[in-house]
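An overview of the molecular structure
Take a look at the letters that make up each chain.
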Amino acid sequence: MSRLQTRRIAFLTSLFVVLPLIVLIVVGVLVLVFRRSGADVAFGVLILTFCAALLAGAILLVVALKRQNDLARLQDDFLSKVSHDFRTPLTSIRMFAETLREDRLVDPDRRQRVLQLLDQETTRLSTLVDRLLELSRLEAGRGHFVLEPVAIEALVHEVAARFEPRLNERTKLEVQVAPNLPTVQADPAALGEVLS
């Protein structure tokens, strides 16, 4: 639900709930103030009780709309981050494919390295898709992480190597990991995505 839709619903809520509520409160108070019989007191209390229920419903509606708006904002942020995460390996794949297509690599070792990086990026893209599907399964209560011993230093260096093709003279990546870190129980793919 967009913010504009949320504002429209809030406006309609105020128009069709708050205004009649105010009118009913005034009528209920007037009936109680100018009562002529015992039935008027019951009628005034009934009107004010109805107003209290209507007010509680309006408050619940506003809270639900705010939650819906927050969820929409969270989904927009998530979509933005996911699309960025997909663009990174796609850009590398496109760059490597263009380099290979134009035969700019004459050195067989460099050509082999580019093919290896191309393979790594396609694997990374496939992993991203798998992780997105896993997140969907987790949200539905059907997924789980595969926990295994993970060497943090090796994982950090592996993730840093993914960025190697994008580095140049102006961009440097320095990796510092404390030596002799203990292994941790974690899902290596999920932890690698977090580090990326």
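Shown above is the structure to which this text applies.
Read on for a plain summary of the structure. (Residues numbered from 1 in each chain as written. Predicted model: local features only at pLDDT ≥ 70, side-chain atom pairs only at ≥ 80, totals over all residues. Heavy atoms only, no water.)

1. A word on the packing of helix H4 (residues 152–162) against helix H5 (residues 188–195)
As a packed pair, H4 and H5 sit with axes 10 Å apart at the nearest point and diverge in direction by 55°. Accordingly, the angle class assigned to the pair H4 and H5 is oblique. Both H4 and H5 take part in a crossing whose hand is right-handed. Contacts between H4 and H5 involve Ile 152, Leu 155, Val 156, Val 159 and Arg 162 from the first element and Pro 188, Leu 191, Gly 192, Glu 193 and Leu 195 from the second. Tallied by class, the residues present in the contact of H4 with H5 amount to 7 nonpolar, 1 polar and 2 charged. (Axes fitted to C-alpha atoms, helices over the stretch in contact; angles between N-to-C directions. Helix = DSSP H or I, 4+ residues; strand = E, 2+ residues; numbered from the N terminus. Parallel < 35°, antiparallel > 145°, perpendicular 65-115°, else oblique. Left-handed = near helix turned anticlockwise from the far one by under 90°. Contact = heavy atoms within 4.5 Å. Nonpolar A, V, L, I, M, F, W, Y, C, P; charged D, E, K, R; others polar.)

2. Re unusual backbone geometry
Of note in the backbone geometry, Asn 180 takes a positive phi value of approximately 60° without being a glycine. You can see Asn 180 is positioned in the loop between H4 and strand E2 (184–186).

3. Some thoughts on the side chain of Thr 99
Its location among the elements puts Thr 99 in helix H2 (residues 38–101). Residues within four places of Thr 99 in sequence aside, it is in contact with Arg 104 and Leu 105.

4. Structural notes on helix H3 (residues 108–139)
Its 32 residues place the ends of H3 46 Å apart at the C-alpha level, agreeing with the 46 Å of an ideal helix rising 1.5 Å per residue. Listing the buried residues of H3 in full gives Val 114, Leu 117, Leu 118, Glu 121, Arg 124, Leu 125, Leu 128, Arg 131 and Glu 134. Contact partners of the buried residues in H3: H2, H4 and H5. (Expected span 1.5 Å × (residues − 1). Buried < 20%, exposed > 50% of the residue type's maximum accessible area, 1.4 Å probe, protein only.)

Purely spatial values, then, with no claim about function.
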